[in-house]
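# Structural features, examined
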Amino acid sequence: MSAFAADPDYLTETRRLMAEAQAALERGDLAGSADGVLHVARRHPAAAGGWVQAAAAGLRAGAAALALKAARRAVLLDPASPSAAALLTAASPDEALASRHRATAFWALTHPGKAEALGALASSYQSLGRSREAERVARDALQADPNMAWVRVNLAVILRESGREKEAETELRRALLAGPDGNLAWRRMAALAETLSKLELADRAARRALVIDAGDHVSSVFLSIVERRRGDLESARQRLQALPEVLEGEAGRDAVEFELGTVLDRLGRYDEAWAHFERGNEIAVQRAPSGTADPRLFVNTLNAYAGAVSDGWPARWVPLPEAEPPAVFMVGFPRSGTTLLDQILDAHPNARVIEEQPVLSSVGAGFAALGEGTLAERLAALNEADADRLRAEYRAKLARWAGEEGNRPRVVIDKMPLNIVYLPLALRLYPNAKVILSLRHPCDCCLSCFMQSIRLNSAMASFTSMEGAAGFYARVMALWQQIEQVLSPDHITVRYEDLVADTEGTARRAVDFLGLDWTDAVLDHTAHAKSRGMIRTPSFRQVSEPIYTRAVGRWARYRNQMAPHLDTLAPYAEHFGYGDPRAIPRGDDESQG
């Protein structure tokens, strides 16, 4: 404590200044109040609480610079303070994570071996998306104090996100041994178990979390999902409808709306379901971080690649030496059945499917974003050296997920539905590459995207309205038509409707296209899906169940809501052999096609 702080007269003066600041606030003089609180904070510069109050006063007064400076100082003095972190976020959302990370790193550096500081630093790395550093520091924290349950929970999340689900489950079990009354650990266990289709464990964990905290709405949502997957639709509906209207956190009101819509769809209450899907999308857009719900970036990339295969540009491509394709490309529109086909083909002992990882997509997006001239010009003028560099980049990214060449199955499939956009680059580099196109009725594709709760980014942002989904479908599949006509890729088309109606026959066609011998192992794809651990697509729940046909022709049950968008989708439905959807009446029969 400083000599000034111990001086009674000094403290008396501080109290007088605080009283004046409070009086200014009460009479509406926000600027005067902020200046007064800042004066007090400067009198006690090592006290985080004073800077927290100064930041709050600055925000009230609209004094952005004052608020930001005070919030930075508060975080530096007390990195673990939730109030300081919240104020820094409010004062400067773009800077908050980085500033708090610097302060947390300083705390850990000046307190070596302190478990709490290391745990906070691990969480900070996690927030910044630096998973390797987060895991390393979390393990250091647990070495210092093995009983820090919250650090184990965070480590489990890091492991889960990196595809190491078994290790994540082990850490959660250890966390529960260290702190069996920890609501968060039980909730995380429920979430992990549900995604792994361990429904009994998910049910038990969610119920235990709710015993500890009956107001834990996130665990209520997980429990309702388990009930729905078990067929107890009425219990799921009642549980969801009992939740409060205003919810925040990792599962906000949008998650509730999407899940309630799904349950009502299964109950045959289609108009009600549509209203909940609509509301879920509206809330998701509102909750999305700034810029993530804007589709323009991805659409611009799509348009650039479309331009590269139109107006005769491929005829101007500079010849390149041929290269052996290291992978087969599986593409299509989202929700077209790629995940089901993925599970079937990955069950083949001589095939490995890379499941929606940034391999071709990152190379393609990088090529679109960099360089002088239009993408069409650069793709046409691509020389051997640049092509070799891009091929090397692709092979390096592929190796991360498929293993090194010589230590992987004979056929590797790079599966990402919207890689359809990057096919012009893939076929420029590998003209002989094989392509698997997954198809599904355009109306069912768009409806399924609209019904799905997904993490919004530029590529997915079009799905928050049916108008956006239909327009996006038209752009993507028009590009495919151009690719098919101009580049003539070696491809096979696999229709979702055929896959569920004649799984073996359709799978045999795909296996033969890949040049592999038939094995009945591909027909046991459900067990294979469960053995793979967490499936990283929105379809993970469906492909862990036996094949069903209830999603075929689902759109006809929403015929009235879909009607304004059928003119957009009709040309593609007819082109792909589904007929004109405008001629199909509304139907409630699950077998409606």
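Residues numbered from 1 in each chain as written. Predicted model: local features only at pLDDT ≥ 70, side-chain atom pairs only at ≥ 80, totals over all residues. Heavy atoms only, no water.

### Points about the overall build of the protein
When you go through the protein residue by residue, the secondary structure sums to 31 helices and five strands. Looking at the 593 residues of the protein, the share that counts as buried comes to 53%. In the protein, the proportion of contacts linking residues at least 24 apart, taken out of those at least 6 apart, comes to 69%. Between the centroid of the 69 positive side chains of the protein and the centroid of its 76 negative side chains there is a distance of 4 Å. (Helix = DSSP H or I, 4+ residues; strand = E, 2+ residues; numbered from the N terminus. Buried < 20%, exposed > 50% of the residue type's maximum accessible area, 1.4 Å probe, protein only. Contact = heavy atoms within 4.5 Å. Lys, Arg positive; Asp, Glu negative; His and termini not counted. Charge placed at Lys NZ, Arg CZ, Asp CG, Glu CD.)

### Thoughts on the pattern of salt bridges
The final tally for this structure, using the stated rule, is 36 salt bridges. Close ionic contact of glutamate 405 with arginine 395 constitutes a salt bridge, the shortest N to O distance being 3.9 Å. Placement of the pair is glutamate 405 in the loop between helix 22 (384-402) and strand 3 (411-415) and arginine 395 in helix 22, with a sequence separation of ten residues. Where salt bridges share partners, they join Glu135, Arg139, Arg152, Arg164, Glu167, Glu171 and Arg174 into one cluster. (Salt bridge = Lys/Arg side-chain N within 4 Å of Asp/Glu carboxyl O.)

### Focus on unusual backbone geometry
Even without a glycine there, the phi angle at serine 197 is positive, about 65°. Among the structural elements, serine 197 can be located in the loop between helix 12 (183-195) and helix 13 (199-212). Owing to a relative accessible area of 16%, serine 197 belongs among the buried residues under this scheme.

### Points about the sheet that holds strand 4 (residues 434-439)
With parallel pairing, five strands are arranged side by side in an open sheet as 2-3-1-4-5. Of all the strands in the sheet, just strand 2 (351-355) and strand 5 (490-495) have a single pairing partner and so form its edges. Sheet twist, expressed as the mean angle between neighbouring strand axes with direction ignored, is 25°. Each of strand 4 and strand 5 touches helix 27 (residues 503-513); the most contacted strand, strand 5, lies at about 165° to it. (Pairing = 2+ DSSP bridges. Axes fitted to C-alpha atoms, helices over the stretch in contact; angles between N-to-C directions.)

### Side note on the nonpolar core
The nonpolar side chains of a soluble globular protein tend to be buried with one another. Core analysis: the largest hydrophobic core is formed by 97 residues, its most contacted members being Met477 and Met562. Per element, the largest residue contribution to this core is twelve residues, and it comes from helix 25 (residues 466-487). Residues within four places of methionine 477 in sequence aside, it is in contact with Phe333, Ile420, Leu439, Tyr572 and Phe576. Counting 42 residues, the second largest nonpolar core, distinct from the first, contains Ala117, Ala168, Leu176 and Leu199. (Core = buried A, V, L, I, M, F, W, Y, C linked by side-chain atoms within 4.5 Å.)

### What about the pairing of strand 4?
Regular strands place side chains that alternate from one sheet face to the opposite one. Extensive coverage of strand 4 is indicated by the burial of five of its six residues. Relative to strand 4, strand 1 (residues 328-332) runs parallel, the two sharing four bridges. Directly across from phenylalanine 329, in strand 4, lies its bridge partner valine 435.

### What to know about the side chain of threonine 506
The residue threonine 506 is located in helix 27 in this model. One polar contact links the side chain of threonine 506 to the main-chain carbonyl oxygen of aspartate 498, over a distance of 3.1 Å. When near neighbours in sequence (up to four residues on either side) are disregarded, threonine 506 contacts Val494, Asp498 and Leu499. (Polar contact = N/O pair within 3.5 Å; in protein donor to acceptor, adjacent residues only side chain to side chain.)

### Some points on the environment of alanine 193
Its location among the elements puts alanine 193 in helix 12. The exposure class assigned to alanine 193 is buried, which follows from its relative accessible area of 2%. As for alanine 193 and glutamate 165, which are separated by 28 residues in sequence, their C-alpha atoms are 9.4 Å apart. Excluding residues within four positions of it along the chain, alanine 193 makes contact with Lys198, Leu201 and Ala202.

### What to know about the environment of glycine 119
Checked against the element boundaries, glycine 119 lands in helix 8 (residues 115-127). With 217 residues separating them in the primary sequence, glycine 119 and serine 336 have C-alpha atoms 42 Å apart. Setting aside its immediate chain neighbours within four residues, glycine 119 contacts Ala141, Trp150 and Val151.

### Structural notes on helix 9 (residues 131-144)
If you check helix 9, its first and last C-alpha atoms are 20 Å apart, about what 14 residues at 1.5 Å a residue would give, namely 20 Å. Turning to helix 9, its buried residues number three or more, namely Ala134, Glu135, Val137, Ala138, Ala141 and Leu142. Each element contacted by the buried residues of helix 9 is listed here: helix 8, helix 10 (149-161) and helix 11 (165-178). (Expected span 1.5 Å × (residues − 1).)

### Remarks on the packing of helix 12 against helix 14 (residues 217-229)
One can describe the packing of helix 12 onto helix 14 by two numbers: an axis separation of 10 Å at closest approach and a directional angle of 30°. Judged by the angle between their axes, helix 12 and helix 14 are roughly parallel. At the point where helix 12 passes helix 14, the crossing takes the left-handed sense. Packed against helix 12, whose contacting residues are Arg187, Ala191 and Glu194, the element helix 14 presents Val218, Ser219, Phe222, Ile225, Val226 and Arg229 at the interface. A per-class count over the contact of helix 12 with helix 14 returns five nonpolar, one polar and three charged. (Parallel < 35°, antiparallel > 145°, perpendicular 65-115°, else oblique. Left-handed = near helix turned anticlockwise from the far one by under 90°. Nonpolar A, V, L, I, M, F, W, Y, C, P; charged D, E, K, R; others polar.)

### Some remarks on the confidence of the model for the protein
The predicted coordinates should not be examined in detail at positions where pLDDT is low. Across the protein, pLDDT averages 87, with 91% of residues at or above 70. Under a pLDDT of 50 for its full length, residues 588-593 has, in the predicted model, 13 contacts with residues more than four places off or in other chains. (pLDDT = per-residue confidence, 0-100.)

### A few points about the packing of aromatic side chains
Within a pair of aromatic rings, the relevant descriptors are the distance that separates the centres and the angle that separates the planes. For the coordinates displayed, the defined rule picks out 13 aromatic pairs. Linked through ring pairs, Phe298, Tyr305, Phe333, Tyr422, Phe463, Phe472, Tyr473 and Tyr572 together constitute an aromatic cluster. Its end group placed over the ring of phenylalanine 367, arginine 378 keeps NZ or CZ at 4.8 Å from the ring centre. Here arginine 508 stacks its cationic end above the ring of tryptophan 518, 4.2 Å away from the centre of that ring. (Phe/Tyr/Trp six-rings, centres within 6.5 Å; stacked < 30°, edge-to-face > 60°. Lys NZ or Arg CZ within 6 Å of the ring centre and 35° of its normal.)

### Considerations on the packing of helix 11 against helix 12
When two helices pack together, their arrangement is given by the angle between their axes and by how far apart the axes lie. Where helix 11 contacts helix 12, the axes come no closer than 9 Å and their chain directions differ by 155°. Judged by the angle between their axes, helix 11 and helix 12 are roughly antiparallel. Where helix 11 crosses over helix 12, the two elements pack in a sense that is left-handed. Only Ala185, Trp186, Arg188, Met189 and Leu192 of helix 12 make contact with helix 11, whose side of the interface consists of Glu165, Ala168, Glu169, Leu172, Arg173, Ala175 and Leu176.

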